[in-house]
Amino acid sequence: MNLLFVASECTPFVKTGGLADVIGAVPKALEPLGVDVRILIPAYPAVGGLCVGASNVMSFDDLFGGPARVLAVQAEGLQMLLLDAPHLFDRKGNIYLGPDGQDWPDNDMRFAALSFAGAQIAIQGIGSWKPDVVNAHDWQAGLLPAYLQQHNGWTPPVVTTIHNIAFQGVFDATRLAALRLNADQFTTQGVEYYGKISFLKAGLALSEKITTVSPSYAAELMSADFGMGLDGLLRARQGDLHGILNGIDLDVWNPESDTALVANYSQRSLKGKASNREELEARFGLSKGEGPLFCVVSRMTSQKGLDLLLECIPDLVAQGGKLAVLGSGDPELERAYVDASNRYPDAIGTIIGYDEDLSHLMQGGSDAILIPSRFEPCGLTQLYGLRYGTLPVVARTGGLADTVIDANEAALLADCATGIQFAPITATMLSHAIARTCALFAKPKVWSGMMRRAMRHPVGWDLSASAYLDVYKAAQER
Ligand code: ADP
Ligand code: GLC
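Residues numbered from 1 in each chain as written. Chains lettered and ligands numbered in written order. Predicted model: local features only at pLDDT ≥ 70, side-chain atom pairs only at ≥ 80, totals over all residues. Heavy atoms only, no water.

Participant: Please give an account of the overall build of the protein chain that cites residues and values.
Facilitator: When helices and strands are counted, the protein chain shows 19 helices and 18 strands. A compact globule built from 478 residues should have a C-alpha radius of gyration of about 23 Å, and the protein chain, at 23 Å, falls within 12% of that. Along the first, second and third principal axes, the C-alpha set of the protein chain runs to 65 × 45 × 45 Å. Each of the 478 residues in the protein chain was classed as buried or not, and the buried ones make up 58%. Residue pairs in contact within the protein chain that sit at least 24 positions apart in sequence constitute 71% of those at least 6 positions apart. Of the roughly 18,600 Å² of accessible surface on the protein chain, a fraction of 52% belongs to carbon and sulfur atoms. Counting 37 positive and 51 negative side-chain charges, the protein chain places the centres of these two groups 4 Å from one another. (Helix = DSSP H or I, 4+ residues; strand = E, 2+ residues; numbered from the N terminus. Rg over C-alpha atoms; globule rule 2.2 N^0.38 Å. Buried < 20%, exposed > 50% of the residue type's maximum accessible area, 1.4 Å probe, protein only. Contact = heavy atoms within 4.5 Å. Areas by Shrake-Rupley, 256 points an atom, 1.4 Å probe, with all protein chains shown as cover. Lys, Arg positive; Asp, Glu negative; His and termini not counted. Charge placed at Lys NZ, Arg CZ, Asp CG, Glu CD.)

The following block contains the structure:
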């Protein structure tokens, strides 16, 4: 099977969050199943190096305001297609946001161009390679099936994957012609969404199949509380909606070989973890102590519930816990965490920024990772936590609920607990979960048993890659 992936980011070339990790990992897991995946992403400056030596496989005289081409190159075991459109993507800074911290004002044109180029590849192929199926990811690729709809003739089936329904790509209806959409596509069955244009809605309405990144999130999305206005559409399409759990790249995230750690370790020998903890305490200026070292590695947004954690800091410190925070995002949250570190310099450390290597060391050196998300389509940091024996303390929602087994009495007796869950998602219950974690940590035998179990928990892509393949095959039978 030939499969075209269309997405706005891909590890290890350009990443702002979990989407990139998934796009960089699934193709490797599909390859042994006989799937040949090509990945189309924009040629942002961050991927510029890849363009050198790449071959030009498609040209556009005018792609939404300027000339553009598609470059093909093999790198890091992935077959990349780069949309080189300097007028849209050759910009410094964040790939979605301008220097003012707001969305780039032409984000509609930028990602319509990505979807349009994806549709052209779907129709024409690249040389002798023609996709049998297209997998479009998130709102940035949402218009792809709308452009395919404009083509007279055969087009491959499209699967749209929802990584986060909070981002829908909603733009003014007056943009219809500029986005090269036809007036007859502005309907409730098409791109129209409450009088506006929604890229994600278009993808969900016009794709053969829809997937999202965990079974629980698939169910949640059909409720008004989580569907964010698209729950009705998803209920109507529930026969085509599949929740497939994310996995992680077991080569990139491996405590036995991770070069970002100061000492490697394994389930059989956990000793190295202590050296990583010491290094982490030094990096965050924390004192040595007996209690658990918690960490947070996260975008700082309201989704991630980090405002709830702020309220729990006095309790966490009072119980002898420590906390290392790596993240960036909402300036108010950034400030609040820096303030908390100033208030408790021995116990709380904050580094504002994005640092891939440090994120690995945090998984290697912490005892527990806190993820109090209000909603979480899947979440990857709890999976890294499991693999590194850094027990996840998670809100019971979406993929967090699907991947962590709470250390309740029954699970402890059955020897199957791998972390701590809490619900409802409030500061009080988070504080209670932190207290439960501290109590478990004080029982070294119970704790190390949980660590070993967590490290054995399957978090690779094997099962989910076959589930994706089944959905692609079902899409072909439309
Ligand atoms: P989301 O995609 O919603 O941000 P995920 O848990 O799926 O959440 O993925 C987040 C990814 O981004 C993980 O790989 C995590 O390690 C990484 N990450 C988040 N913040 C940072 C940061 N400040 N520095 C380095 N990596 C980060
Ligand atoms: C989104 C979600 C996150 C998920 C990631 C990859 O960013 O917020 O939960 O793990 O996509 O699918």
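And the narrative resumes.
Participant: Describe the site of ligand 2, and please don't skip the residues or the numbers.
Facilitator: Near ligand 2 lie 14 residues; those nearest to it are H163, N246, E376, C378 and G379. Within the complex, the protein chains bury 93% of what would otherwise be the 310 Å² of accessible surface of ligand 2. In terms of residues, the shell around ligand 2 owes the most to one element, helix α1 (residues 18-30), which gives three residues. Inspection of the shell around ligand 2 shows a minimum of three residues originating in each of domain 1 (2-247 + 461-476) and domain 2 (272-456). (Near = heavy atom within 4 Å. Domains from an automatic or database assignment.)

Participant: Explain the site of ligand 1 residue by residue, including any values.
Facilitator: In the vicinity of ligand 1 there are 19 residues, among which K15, G18, D21, R299 and G353 approach most closely. At a separation of 2.7 Å, an oxygen atom of ligand 1 approaches a polar side-chain atom of R299. At 2.8 Å, a backbone N or O of G353 approaches a nitrogen atom of ligand 1. In isolation ligand 1 has 560 Å² of accessible area, and contact with the protein removes 92% of it. Counting residues per element, the ones that place at least two in the shell around ligand 1 are α1, β13 (293-300), β14 (322-329) and α14 (381-387). Among the elements that make up the shell around ligand 1, the one with the highest residue count is β13 (three residues). Here the residues of the shell around ligand 1 sort into five nonpolar, eight polar and six charged. (Polar contact = N/O pair within 3.5 Å; in protein donor to acceptor, adjacent residues only side chain to side chain. Nonpolar A, V, L, I, M, F, W, Y, C, P; charged D, E, K, R; others polar.)

Participant: Residue-level account of the layout of surface pockets, with values.
Facilitator: In this model, the second largest pocket occupies a volume close to 340 Å³. Forming the boundary of the second largest pocket are 16 residues, of which K273, A274, R277, D367 and F441 lie nearest the centre. Within the residue set of the lining of the second largest pocket, elements represented by two or more residues are α10 (272-283) and α18 (444-456). Counting residues per element, the lining of the second largest pocket draws most heavily on α10, at five residues. Counted by class, the lining of the second largest pocket contains six nonpolar, four polar and six charged residues. (1 Å grid on protein atoms, 1.4 Å probe; cavity = no way out; pocket = protein on both sides within 12 Å on 5 of 7 lines; lining within 4 Å. Points joined across faces, edges and corners; volume = space filled by probe spheres on them.)

Participant: Quick one: what's the story with the sheet that holds strand β8 (residues 170-171), residue by residue and with numbers?
Facilitator: Across the sheet, which stays open at both edges, the three strands sit in the order β8-β10-β9 with antiparallel pairing between neighbours. Every other strand in the sheet has two partners, leaving β8 and β9 (192-193) as the edge strands with one partner each. In this sheet, strand β10 (residues 196-198) lies alongside β8 in antiparallel orientation, the contact comprising two bridges. Among the inter-strand pairings, V170 is bridged to a residue of β10, identified as S198. Along the sheet, helix α6 (residues 199-206) makes contact with β8, β9 and β10, crossing β10 at roughly 65°. (Pairing = 2+ DSSP bridges. Axes fitted to C-alpha atoms, helices over the stretch in contact; angles between N-to-C directions.)

Participant: Describe the domain arrangement of the protein chain, naming the residues involved and giving the relevant values.
Facilitator: Interfaces are often sized by the amount of accessible area the parts lose when they come together. Domain boundaries assigned for the protein chain yield domain 1 (2-247 + 461-476) and domain 2 (272-456). On a C-alpha basis, the centroid separation for the pair domain 1 and domain 2 is 32 Å. When the two sides are added together, the surface that domain 1 and domain 2 hide from each other amounts to roughly 1,300 Å², 59% of it contributed by carbon and sulfur. For the pair domain 1 and domain 2, the interface holds one salt bridge. Note that K15 and E356 form a salt bridge whose closest N and O atoms lie 3.3 Å from each other. Where domain 1 touches domain 2, the interface holds eight residue pairs in polar contact (both at pLDDT 80 or more). The set of elements that each furnish at least two residues to the side of domain 1 that touches domain 2 consists of α1 and α7 (215-221). Counting residues per element, the side of domain 1 that touches domain 2 draws most heavily on α7, which supplies four residues. Its residues assigned to classes, the side of domain 1 that touches domain 2 shows nine nonpolar, eight polar and three charged. (Buried area = accessible area lost by both parts, 1.4 Å probe. Salt bridge = Lys/Arg side-chain N within 4 Å of Asp/Glu carboxyl O.)

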